[in-house]
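Next come the chains, spelled out residue by residue.
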Amino acid sequence: MILLHHLDLFVLFLSATSCRSCGFSYGVYWNDQYICRYYFVFWSLQFDVYRCTGFDGIELHAALGMYFDQFLKDSVNDRTDKYGGSFENRCRHLIETIQAVGEEIGQERVAVKISPFSDVFGASDSDPLNLGLHLVKSLNNFNLLYVHCLAPHHSRTKPKTPEETTTSPLTPLREAYKGSFFVAGGYNQEDGNEAISSGNADAVVYGQLFLANPDLPKRFELHSALNKPNHATYYTPDPVVGYTDYPFLEDAHGIRV
Ligand SMILES: Cc1cc2nc3c(=O)[nH]c(=O)nc-3n(C[C@H](O)[C@H](O)[C@H](O)COP(=O)(O)O)c2cc1C
């Protein structure tokens with residue numbers, strides 16, 4: 001397994017919208033004029049930050065019920081214009097955005113995170129596999145840095161289906177996408193290595209394990225024990241704990257290795 005922990009990416013994370021049950025409206029309901037106006041301000045600010053901070057690229061967050069995911073998923077997107085209805089229409093806004101960002105910074109510096117199988121924040125799809133296939137095939141038209149795809153069982157509130165325990169539901173997407181394909185969601189070192197060696201992924205992305213183990217690459221290298229992530233401190237604002245206070249590996253003399 002190769003660990004890409006030296007790639008600095010700027011994540012374009014649109015969370016100005018939320019779910020119906022929280023009382024906010026979805027961004028997918030905005031009219032075209034509002035989308036354009038919002039984007040003018042949003043992009044100008046984001047590109048300024050991107051340029052000033054010297055990141056290697058941009059990962060567009062189109063997963064987990066966030067803004068673009070709301071356009072992709074038919075449980076939320078009931079637009080009747082060119083951004084709603086068919087797979088092509090629901091993917092249009094994301095594809096147009098990737099095109100625009102690519103023109104600004106170069107397609108090879110743009111990545112995208114997707115989760116066709118997820119159902120969080122009320123954003124789910126009645127045909128997630130074909131939505132995912134349509135999306136990755138459309139992404140083949142770009143020379144992207146990578147596509148980052150979340151595994152179904154991790155990004156969905158329903159339990160694994162029997163098929164999902166024996167096969168990887170991401171395999172068809174991986175086979176359909178011609179560029180670099182990253183997977184994420186519940187992987188440990190062993191099944192991460194398995195995903196790479198079986199050809200199901202070019203790289204594995206770790207979230208919770210990295211949070212709990214600031215020296216995760218070193219621990220993988222040494223096959224040492226891992227700190228267990230503490231879910232109770234994931235979203236606690238006061239006091240802010242559980243983000244920078246997990247211990248590093250230490251040798252017998254108490255020195256970081
Ligand atoms: C503490 C914590 C907070 C997260 N917050 C968000 C979030 O606000 N929005 C989001 O889309 N994903 C969020 N994620 C998901 C991660 O971006 C990533 O996709 C996921 O953790 C990968 O799976 P893994 O942790 O099993 O490796 C969060 C993950 C963690 C551990």
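Here goes a summary of the coordinates provided. Being a predicted model, the structure only gives us computed values, none of them experimental.

### Considerations on the overall build of the chain
Summing up its helical and strand segments, the chain has 9 helices and 6 strands in all. By residue count, 29% of the 257 residues in the chain fall in the buried class. Considering only contacts in the chain between residues 6 or more positions apart, those separated by 24 or more positions represent 66%.

### Some remarks on the site of the ligand
Neighbouring the ligand are 15 residues, the closest being Leu64, Ala184, Gly207, Gln208 and Tyr234. Broken down by element, the shell around the ligand gets its largest block of residues, 3 residues, from helix 8 (residues 208-212). Looking at the shell around the ligand residue by residue, the class counts come to 10 nonpolar, 5 polar and no charged.

### Thoughts on the nonpolar core
By size, the foremost hydrophobic cluster in this structure holds 44 residues, and its most contacted members are Val112, Val147, Cys149 and Val183. When contributions to this core are tallied by element, the ones reaching two or more residues are strand 2 (57-62), helix 2 (67-72), helix 3 (87-105), strand 3 (110-114), helix 4 (128-139), strand 4 (146-150) and strand 5 (181-184). What Cys149 contacts, discounting residues up to four positions off in sequence, is Ile114, Leu170, Leu173, Phe181, Phe182 and Val183.

### Re helix 3
The end-to-end C-alpha distance of helix 3, which contains 19 residues, comes to 27 Å, matching closely the 27 Å that a straight helix rising 1.5 Å per residue would cover. Largest kink in helix 3: about 40°, centred on His93. Among the residues making up helix 3, those that are buried are Arg90, Cys91, His93, Leu94, Thr97, Ile98 and Val101. In the segment just after helix 3, Gly106 is the residue with positive phi, at about 100°.

### Topic: the pairing of strand 3
With 5 of 5 residues buried, strand 3 is to be regarded as a mostly interior element. On strand 3, burial covers both faces: Val110, Val112 and Ile114 on one face and Ala111 and Lys113 on the other are all buried. Note: strand 2 against strand 3, 5 bridges, orientation parallel. Counted as the bridge partner of Ile58 is Val110 from strand 3. In this sheet, strand 4 lies alongside strand 3 in parallel orientation, the contact comprising 4 bridges. If you follow Ile114 over to strand 4, its bridge partner there is Cys149. For the crossover that starts at strand 3, traverses helix 4 and ends in the parallel strand 4, the hand is right-handed.

### Here's the deal with the environment of His154
Tracing the backbone shows His154 in the loop between strand 4 and helix 5 (162-166). Along the sequence, His154 and Gly185 sit 31 residues apart, while their C-alpha atoms lie 5.2 Å from each other. Contacts of His154, omitting those with residues within four sequence positions, involve Gly185 and Gly186.

### Some words on the packing of helix 3 against helix 4
For any two helices packed against each other, one specifies the crossing angle of their axes together with the interaxial distance. Two elements in contact, helix 3 and helix 4, have axes whose closest approach is 10 Å; the angle formed by their N-to-C orientations is 45°. Considering their axes alone, helix 3 and helix 4 lie oblique with respect to each other. As for how helix 3 packs across helix 4, the hand of that crossing is right-handed. For the pair helix 3 and helix 4, the contacting residues are Phe87, Cys91 and Ile95 in the first and Asn130, Leu131, His134, Leu135 and Ser138 in the second.

Parameters and conventions
- Residues numbered from 1 in each chain as written.
- Predicted model: local features only at pLDDT ≥ 70, side-chain atom pairs only at ≥ 80, totals over all residues.
- Helix = DSSP H or I, 4+ residues; strand = E, 2+ residues; numbered from the N terminus.
- Buried ≥ 20, exposed ≤ 12 C-beta atoms within 10 Å, placed from the backbone.
- Contact = placed C-beta atoms within 7 Å.
- Near = placed C-beta within 6 Å.
- Nonpolar A, V, L, I, M, F, W, Y, C, P; charged D, E, K, R; others polar.
- Core = buried A, V, L, I, M, F, W, Y, C linked by C-beta atoms within 7 Å.
- Expected span 1.5 Å × (residues − 1).
- Bend = angle between axes of the 7 residues up to and from the residue.
- Pairing = 2+ DSSP bridges.
- Right-handed = clockwise from strand over helix to strand, strands pointing away.
- Axes fitted to C-alpha atoms, helices over the stretch in contact; angles between N-to-C directions.
- Parallel < 35°, antiparallel > 145°, perpendicular 65-115°, else oblique.
- Left-handed = near helix turned anticlockwise from the far one by under 90°.

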